[in-house]
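# Reading the structure
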Amino acid sequence: MLFPIRDAPAVQQAFAAGIGSTIQISVGGTVDARFTPLEIEATVDLLSGGRYVDHNGIFREGGPLAVLSMGNITLVVSRESAVLCEHAMYFSIGQDPRHFELVVIKLPHTPYEQYDAWAERNLTIDVPGAASPNVKTLNHQHVTRPLYPLDDDFAFTPQVDIS
């Protein structure tokens, strides 16, 4: 399984330990306090500054990344969240998504079609947290109402505005 996660303290700890080190590390729960970090033992396989060329040929600065392995799970731990939805980032750190039986794509806005040529199937799952594709569960409070898709019961009449 190839699993991306944003966890700046874990990246810092992996960089401090160095490539080849086996570390006891806490992952998860650093961005959203509703979640409890998971204590794992992992090997630091690779450390990267996070520079890569995206699928459109644009140079990106993804920030520090650490590749950690534990059994058949490969964690790509990032300081920044944006790189976690770009398949080209995986190639830049030597992780070919085609060689994994399962690739977790956590963000609902991830261009999942980048994976379609390789994937036997794509599944959308709804899990708690800020990346849920079910926006009704995100508890938005400071928005003008009614607003689709938060509200189902309202009329929408499109109007042309010429300026």
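Heads up: these notes are all about the structure in this document. (Residues numbered from 1 in each chain as written. Predicted model: local features only at pLDDT ≥ 70, side-chain atom pairs only at ≥ 80, totals over all residues. Heavy atoms only, no water.)

## Concerning the overall build of the protein
Condition: The helix count covers DSSP runs of H or I at least four residues long, the strand count covers runs of E at least two residues long, and both are numbered beginning at the N terminus. Contacts between residues were defined by any pair of non-hydrogen atoms, one from each residue, lying within 4.5 Å. Here the Shrake-Rupley method, with its probe set to 1.4 Å, supplies the accessible areas, and only the displayed protein chains count as covering residues. Neither His nor the chain termini are counted; the positive set is Lys and Arg, and the negative set is Asp and Glu. Each charge is placed at NZ for Lys, CZ for Arg, CG for Asp and CD for Glu.
A tally of regular secondary structure across the protein gives 2 helices and 7 strands. Reading the helices (α) and strands (β) of the protein from amino to carboxyl end gives β-α-β-β-β-β-β-β-α. Taken along its principal axes, the extent of the C-alpha atoms in the protein is 60 × 35 × 35 Å. In the protein, the proportion of contacts linking residues at least 24 apart, taken out of those at least 6 apart, comes to 48%. Counting every atom, the protein has about 10,700 Å² of accessible surface; 53% of that belongs to carbon and sulfur. Placing the 10 positive and 19 negative side-chain charges of the protein at their respective mean positions leaves the two points 3 Å apart.

## Observations concerning helix 1 (residues 8-17)
As a reminder of what qualifies: Think of it in three bands: residues with accessible area under 20% of the maximum for their type are buried, residues over 50% are exposed, and the middle band is partly exposed, with areas taken using a 1.4 Å probe on protein chains only. What the arc measures is the spread of directions leading from the helix axis to the C-beta atoms. Here a polar contact is recorded for every N or O atom pair within 3.5 Å, except that within protein the pair must consist of a potential hydrogen donor and a potential acceptor, and residues adjacent in sequence are included only if both atoms are side-chain atoms.
Of the positions making up helix 1, those classed as buried are Ala10, Val11 and Ala14. On an axial view of helix 1, the arc spanned by its buried residues comes to 100 degrees, and they lie on one face. Exposed and oriented more than 90 degrees from the buried face of helix 1 are Gln12 and Ala16. Close packing links the buried residues of helix 1 with strand 2 (22-27), strand 3 (38-48), strand 6 (65-70) and strand 7 (73-78). Taking the backbone nitrogen of alanine 10 as reference, a side-chain oxygen 3.0 Å away marks aspartate 7 as the first, capping residue of helix 1. The positive-phi residue at the C-terminal boundary of helix 1 is glycine 18, with phi of around 95 degrees.

## Considering the side chain of aspartate 32
Relative to the helices and strands, aspartate 32 is located in the loop between strand 2 and strand 3. Residue aspartate 32 is classed as buried on the basis of its relative accessible area, which comes to 19%. Reaching out from aspartate 32, the side chain makes a polar contact with the side chain of arginine 34 at a distance of 2.6 Å. Once you skip the residues sitting within four places of it in the chain, aspartate 32 turns out to touch Gly129 and Ala130.

## Quick word on the environment of aspartate 126
Mapped onto the elements, aspartate 126 comes out in the segment after helix 2 (87-92). A relative accessible area of 43% means that aspartate 126 is categorised as partly exposed. The residues contacting aspartate 126, other than those within four sequence positions of it, are Ser132, Pro133 and Asn134.

## Things to note about the nonpolar core
We count it as follows: Only buried residues count toward a nonpolar core. Its members are Ala, Val, Leu, Ile, Met, Phe, Trp, Tyr and Cys residues joined through side-chain atoms within 4.5 Å.
With 14 residues, the main nonpolar core has Ala14, Ile25, Ile40, Leu68 and Val77 as its most contacted residues. Listed by contribution, the elements that provide at least two residues to this core are helix 1, strand 2, strand 3, strand 6 and strand 7. One finds Tyr52, Leu65, Ala88 and Tyr115 within the second-largest nonpolar core, a separate group that totals 11 residues.

## Looking at the sheet that holds strand 7
Our working definition: The rule for pairing is simple: two strands pair if DSSP sees at least two bridges between them. Axis lines are fitted through C-alpha atoms, for helices just across the contact stretch, and the angle between N-to-C directions can take any value from 0 to 180 degrees.
As summarised here, the arrangement of the 5 strands in space is 1-7-6-3-2, forming an open sheet in which the pairing is mixed. Taken across any chain shown, the strands that pair with only one partner, and hence form the sheet edges, are strand 1 (2-6) and strand 2. Each strand of the sheet is rotated relative to its neighbour by a mean of 40 degrees, with strand direction disregarded. Examined bridge by bridge, strand 3 and strand 6 share 5 bridges and lie antiparallel to one another. Opposite threonine 43, over in strand 6, you have serine 69 as the bridge partner. Packed on one face of the sheet, helix 1 meets strand 1, strand 2, strand 3, strand 6 and strand 7 and runs near 170 degrees to strand 2.

Keep in mind that these numbers describe shape and distance, not what the molecule does.
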